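Each chain, letter by letter, is given below.
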Amino acid sequence: MELMHQLTPQLKRLRLSGVLDTLELRNQQAIQQKLSYVEFLALLIQDEVERRAQKQLQLRLRRASFRSDKTLEGFDFSYNPTTPARAPERSAGASESESPGLCT
């Protein structure tokens, strides 16, 4: 456990503080599954890559300033009466043979 405390400032300096979140869990997993050092390291790196990707996605969504989620269920078809209410459902899952006019 002392080694974990020694790793903390080094991982933070390398900007790998996300590894700290999964290090103990992955260490236990490596012991139980008798993983090699490379497999253990690969798991830690994979966790860090996934954490950074998730963080980037959250940042992009926040910067995009989306007001709310939009779905077809919430679409106001009465706004444009010429748009049939069933057309989006047909075109979303229809193949070209089922609705040749929509897939031109």
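Basis of the calculations
- Residues numbered from 1 in each chain as written.
- Predicted model: local features only at pLDDT ≥ 70, side-chain atom pairs only at ≥ 80, totals over all residues.
- Heavy atoms only, no water.
- Helix = DSSP H or I, 4+ residues; strand = E, 2+ residues; numbered from the N terminus.
- Expected span 1.5 Å × (residues − 1).
- Bend = angle between axes of the 7 residues up to and from the residue.
- Buried < 20%, exposed > 50% of the residue type's maximum accessible area, 1.4 Å probe, protein only.
- Contact = heavy atoms within 4.5 Å.
- Axes fitted to C-alpha atoms, helices over the stretch in contact; angles between N-to-C directions.
- Parallel < 35°, antiparallel > 145°, perpendicular 65-115°, else oblique.
- Left-handed = near helix turned anticlockwise from the far one by under 90°.

Some words on helix α2 (residues 17–33)
Okay, step 1: Along its 17 residues, α2 runs 25 Å from first to last C-alpha, staying within 8% of the 24 Å computed at 1.5 Å per residue.
Okay, step 2: Of all bends in α2, the biggest is about 50 degrees, found at leucine 23.
Okay, step 3: Burial in α2 covers these residues: Gly18, Val19, Thr22, Leu23, Arg26 and Ala30.
Okay, step 4: Lining the buried residues of α2 we find α1 (2–13) and α3 (37–64).
Okay, step 5: Immediately downstream of α2, the backbone of lysine 34 shows phi near 55 degrees, a positive value.

Regarding the packing of α1 against α2
Okay, step 1: At their nearest, the axes of α1 and α2 sit 9 Å apart, and the two run at 150 degrees to each other. Taken together, the axes of α1 and α2 lie roughly antiparallel to each other. Every pair of crossing elements has a handedness; the one defined by α1 and α2 is right-handed. Note on element contacts: α2 touches α1 through Ser17, Val19, Leu20, Leu23, Glu24 and Asn27, opposite Met4, Leu7, Thr8, Leu11 and Lys12.

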